[in-house]
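Architecture and fold: a report
For reference, the chains in residue letters:
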Amino acid sequence: MITLTSDFGTRDPYAGIMRSRIVQRAPQLPIIDLTHEISAFAVEQAGYWLYCCHPQFPAGTIHVAVVDPGVGSARAILVLEAAGQLFIAPDNGLLGLLAQSLPYRAYRVTDEALSRLHIAPSSATFHGRDIMAPLAAELGCQRIRADEVGPAHTPAPGRLACAQAMPDRSIRGTVALIDHYGNALTTIPGAALKSLRAPQVRFEQQSLRILRTYADAGPGECFALVNSASMLELATRQGSAAQALNIQPGRTMYLVETVAES
Amino acid sequence: MITLTSDFGTRDPYAGIMRSRIVQRAPQLPIIDLTHEISAFAVEQAGYWLYCCHPQFPAGTIHVAVVDPGVGSARAILVLEAAGQLFIAPDNGLLGLLAQSLPYRAYRVTDEALSRLHIAPSSATFHGRDIMAPLAAELGCQRIRADEVGPAHTPAPGRLACAQAMPDRSIRGTVALIDHYGNALTTIPGAALKSLRAPQVRFEQQSLRILRTYADAGPGECFALVNSASMLELATRQGSAAQALNIQPGRTMYLVETVAES
Amino acid sequence: MITLTSDFGTRDPYAGIMRSRIVQRAPQLPIIDLTHEISAFAVEQAGYWLYCCHPQFPAGTIHVAVVDPGVGSARAILVLEAAGQLFIAPDNGLLGLLAQSLPYRAYRVTDEALSRLHIAPSSATFHGRDIMAPLAAELGCQRIRADEVGPAHTPAPGRLACAQAMPDRSIRGTVALIDHYGNALTTIPGAALKSLRAPQVRFEQQSLRILRTYADAGPGECFALVNSASMLELATRQGSAAQALNIQPGRTMYLVETVAES
């Protein structure tokens, strides 16, 4: 299975063109669009979705992420292997969160490997089509292994930090992105809840309860929950938490312990 | 064939994740997106599209509709069988229009059935991924029949009423939704025209002619036609009828007889 | 392989319904969405994308383009053969740019041919679903050849003109469309650069350098490049050239020679 993630939008045929290139080399592989509506050049959003979504995909899945403001420059293209899956992306921080969070091996794609696969970039501006799509097809058909694409390489770090334990036992996280419903998705894994007594979320001056599901909230209440990606999310029932709390991506929030007292 | 309908939007990877779950259990079944741009929580829009579109799909098609504001609450998940096809959706009114309009059998999905299929919800907030997608795959592969998912169940009624014959021989309908072109799609089936002499549409103070196709209208004329889903639609030539007539979903309109007189 | 291009938008299920019709007749053919977000009724945008994208598809690909303001009127449906591929579209100028630019043969689809294929339009308003989708499937399965769909026919010219050589050795082109990033795509093929000495782009009072890739531009610089479709494109680095230069589709621009002088 191959997935596609990009900032191409849906108005232009760029995603369809990548599919064409994959189908030509690997007609039998299912291709799934994760999203093509990453904000233009927002490499950290793409990396966050890959980090959140990859557990929903089986071993052997190949994820191609094309958010590539440096296309045509000297930035490398990487193949990162983690959780039994492969991630192909430019080396611009997109793979930083995955590399921070999971055991991985990563490799820098060389011209020699591409040439052995008869992959010849025909443009300086669309390496998603010219390199990453055909390479994904070749890896998907097992005509090449990840460790054969080039030398080991440490991915550039991303701007998005993992959740961080603080001296006062709180956990500091970042709002990674706002989804279509207005939910604010954070970098704090749901598992962090277990390490704290009676945890709550602190965002600016506000404390938010942690509930099990949207239906448990009071009307208009802003709250937090562990979402379907097992990440802490700020939400409101049938409304936009981003709007209600005035949250933008990049904002800091905390998971804190509360002690029951009068 | 499996179709997907939701209010996920296209910006987030939720639809792709549902596809992944289906592909893992039923790699050979074509999956078709009907739309993921149902307005957030607008169950009646999803139900209307299923009602309008299902005749375009072959017997055996399985439609999955995930507009699910009550996810995590006690609302049931249903499998409805009608017109030789299956419809999987939360029991929140989404299937009401179908159940009102067609002979059907419906069943409430039980935990026992899911457990027999090794479907184990891993979240309280994404039953589309955890239950409906894998269940659609299992039904599509005929590893379970609709009547084996649980006991018979009458779907909750929807907010959208079918067209209704009035004492004065007119037919009252509702604007169900506005499409991308600004056409206003109504709940009046095109077949209703046959029962009336010289029918016209009455919307507020205005009378609209009924034409065969868009190209038959005068420039700027608002008119009605029987659309490709065999439903009465208010339209204007190369423009937005919704804007020209100031129509919102939920508005009432009438199909009336006119008597040729001087 | 079949591709779909339309002005259906993504909010309504029209594209999914076309897929259903293709899958029913040709379940084994991959279907790729180029875009469904052509501006409503903008036939020249659809034609431009087909012109730019077709080199990315293999011989035998069938492209279906449904931008069809005249649906239900007497306008013909055409099958155009060029570059070893087929293009199915209404005869409303959509295929004009292709016909201007490439050697082609085109045929007007007759009712007799449709009837032999058991294609019976059931609506006056959705020939994409009723005629073009099933015809694409039949052509894709080679149950009919392009020259068997009807008599030869010259496609209606489009509003979008090819690049034109001017007496002063400059080349006049048109901005065909603005993509999702704000890049302005023109009708001047990149190959035209070779015929000029030290070429630059002249748009209104401004001169733009021609660079190899986005990463070569200075911050905020508006420039031109030969894009991945081998067409001249006006761009700015990580921003919208359309906004910066105040460009709309349809505007004229020139590729001019500059002579190095003091």
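Quick caveat, the model's predicted, so the values are computed rather than measured.

What counts and how
All chains use their own residue numbering, which begins from 1 and follows the written sequence. Chain A is the first chain written and ligand 1 is the first ligand written, with later ones labelled in order. Local features in this predicted model are restricted to residues whose pLDDT is 70 or higher, and side-chain atom pairs enter the listing and the counts only when it is 80 or higher, whereas totals over whole chains, interfaces and linings include all residues. Excluded from the side-chain calculations are hydrogens and water; all other atoms, namely the structure's heavy atoms, are used. Residues reaching a pLDDT of at least 70 in both copies supply the C-alpha atoms on which the copies are superposed by least squares. Only buried residues count toward a nonpolar core, which is a set of Ala, Val, Leu, Ile, Met, Phe, Trp, Tyr and Cys residues joined through side-chain atoms within 4.5 Å. Remark: exposure states derive from per-residue accessible area (1.4 Å probe, protein chains only) relative to the maximum for the residue type, with buried under 20%, exposed over 50%, and partly exposed in between. Only DSSP runs of H or I with at least four residues qualify as helices, and only runs of E with at least two residues qualify as strands; both kinds are numbered from the N terminus onward. Residues count as neighbours in contact if any of their non-hydrogen atoms are within 4.5 Å of one another. Salt bridge, as used here: a side-chain nitrogen of Lys or Arg that lies within 4 Å of a carboxyl oxygen of Asp or Glu. Pairs of N or O atoms are called polar contacts if they sit within 3.5 Å, as long as, within protein, a hydrogen donor faces a hydrogen acceptor (for residues adjacent in sequence, only side-chain-to-side-chain pairs). Two parts placed together each lose some accessible area; with a 1.4 Å probe, that loss summed over both constitutes the buried area. Three classes are used: nonpolar for Ala, Val, Leu, Ile, Met, Phe, Trp, Tyr, Cys and Pro, charged for Asp, Glu, Lys and Arg, and polar for all others, with Gly counted as polar. One bridge is not enough; two strands pair if DSSP finds at least two bridges between them. The angle between two axes is taken between their N-to-C directions and runs from 0 to 180 degrees, where each axis is a line fitted to C-alpha atoms and a helix contributes only its stretch in contact. We call a pair of cysteine sulfur atoms a disulfide when they lie within 2.5 Å. To estimate how far a helix should extend, the number of its residues minus one is multiplied by 1.5 Å. Handedness of a crossing is defined here by the sense of rotation of the near helix relative to the far one, left-handed for an anticlockwise turn of less than a right angle and right-handed for a clockwise turn.

This part is about the relation of the copies chain A and chain B. Mapping chain A onto chain B leaves a residual RMSD of 0.0 Å; the transformation is a rotation of 120° accompanied by 0.0 Å of translation along its axis. Here the two chains are linked by the operation of a three-fold rotation axis. By C-alpha distance to the rotation axis, the residue of chain A lying nearest is Thr10 of chain A, at 5.0 Å.

So, about the nonpolar core. Proteins that are soluble and globular tend to have nonpolar side chains buried together. Counting 71 residues, the largest nonpolar core has Val64, Val79, Ile88, Leu135 and Leu139 of chain A together with Tyr48 and Leu94 of chain C as the members making the most contacts within it. In terms of residue count, the dominant contributor to this core is helix α2 (residues 43–53) of chain C (eight residues). When near neighbours in sequence (up to four residues on either side) are disregarded, Leu135 of chain A contacts Val79, Ile88, Val109, Leu117, Ile119 and Val149 of chain A.

Between chain B and chain C, the contact holds 27 residues from the first and 27 residues from the second. Counting across the chain B and chain C interface gives zero salt bridges. One can count 17 residue pairs in polar contact (both at pLDDT 80 or more) joining chain B with chain C. It is strand β2 (residues 31–35) of chain B that provides the largest number of residues to the side of chain B that touches chain C, a total of four residues.

This part covers the pattern of salt bridges. Between side chains of opposite charge, pairing is possible as soon as their charged atoms come close. Residues and elements named next belong to chain A. The full count for this structure, using the stated rule, is 42 salt bridges over all chains. For Asp130, the salt bridge identified is with Arg21, shortest N-O distance 3.7 Å. Taken together, the positions of Asp130 in helix α5 (residues 127–140) and Arg21 in helix α1 (residues 14–25) put the pair 109 residues apart, joining distant regions of the chain. Judged by relative accessible area, Asp130 falls into the buried class, the value being 2%.

Another point: the environment of Asp33 of chain C. All names here are of chain C. Within the secondary structure, Asp33 sits in strand β2 (residues 31–35). By relative accessible area, which is 29% here, Asp33 ends up partly exposed. Taking the C-alpha atoms as reference points, Asp33 and Ser6, separated by 27 residues in sequence, lie 9.1 Å from one another. Side chain to side chain, Asp33 and Arg19 meet in a polar contact 3.1 Å long. In terms of polar contacts, Asp33 uses its side chain to reach the side chain of His36, at 2.7 Å.

Bring the parts together and some accessible area is lost; that lost area is often taken as the interface size. If you look at the interface, chain A gives 27 residues, while chain B gives 27 residues. In this assembly, chain A packs against chain B so that about 2400 Å² is buried in total across both faces, 57% of it on carbon and sulfur atoms. Remark: the boundary between chain A and chain B carries zero salt bridges. At the junction of chain A and chain B, the tally comes to 17 residue pairs in polar contact (both at pLDDT 80 or more). Among the secondary structure elements, those contributing two or more residues to the side of chain A that touches chain B are β2 (31–35) and α2 (43–53) of chain A. No other element matches the four residues that β2 of chain A contributes to the side of chain A that touches chain B. A breakdown of the residues in the side of chain A that touches chain B according to their chemical character gives 15 nonpolar, eight polar and four charged.

Okay, unusual backbone geometry next. For Glu204 of chain A, which is not glycine, the phi torsion reads 50° and is therefore positive. Of note, the phi angle at Phe41 of chain C is positive, near 70°, even though the residue is not glycine.

Another aspect to go through is the sheet that holds β2 of chain C. In any sheet, the strands associate via hydrogen bonds between backbone groups, in a parallel or an antiparallel arrangement. All names here are of chain C. Across the sheet, which stays open at both edges, the six strands sit in the order β2-β1-β3-β5-β4-β6 with mixed pairing between neighbours. The sheet terminates laterally at β2 and β6 (105–108), the two strands that pair on one side only. Neighbour-to-neighbour, the strand axes of the sheet open up by a mean angle of 20°, direction not taken into account. Strand direction decides the pairing type here: strand β1 (residues 2–6) and β2, joined by four bridges, are parallel. Following the sheet pairing, Thr3 is matched in β2 by Ile32.

Tallying each qualifying case throughout the model produces zero disulfides over all chains. Free cysteine: Cys52 of chain C, not disulfide-bonded; nearest cysteine sulfur from Cys53 of chain C at 6.3 Å.

Moving on to the pairing of strand β15 (residues 252–257) of chain B. Residue and element names in this part refer to chain B. Pairing of strand β8 (residues 171–178) with β15 involves four bridges; the strand directions are antiparallel. Residue pairing across strands places Thr174 opposite Thr252, the latter belonging to β15. Sheet analysis places strand β10 (residues 199–203) next to β15, joined by four bridges and oriented antiparallel. Its bridge partner being in β15, Arg202 is matched across the sheet by Tyr254.

This part takes up α5 of chain A. Side chains three or four residues apart in an α-helix point the same way, a direct result of the helix having 3.6 residues per turn. Residue and element names in this part refer to chain A. The end-to-end C-alpha distance of α5 is 18 Å, a good match for the 20 Å that 14 residues give at a rise of 1.5 Å each. With 13 of its 14 residues buried, α5 lies for the most part within the structure. Phi turns positive, to about 55°, at Gln142, one or two residues after α5.

A few words now on the packing of α1 of chain A against α5 of chain A. Residue and element names in this part refer to chain A. Look at α1 against α5: their axes get within 8 Å of each other, and the N-to-C directions meet at 35°. Along this stretch, α1 crosses α5, giving a crossing that reads as right-handed. Between α1 and α5, the residues in contact are Ile17, Met18, Arg21, Ile22 and Arg25 and Gly128, Arg129, Asp130, Ala133, Pro134, Ala137 and Glu138, respectively. When the residues that make up the contact of α1 with α5 are grouped by side-chain class, the tally is six nonpolar, one polar and five charged.

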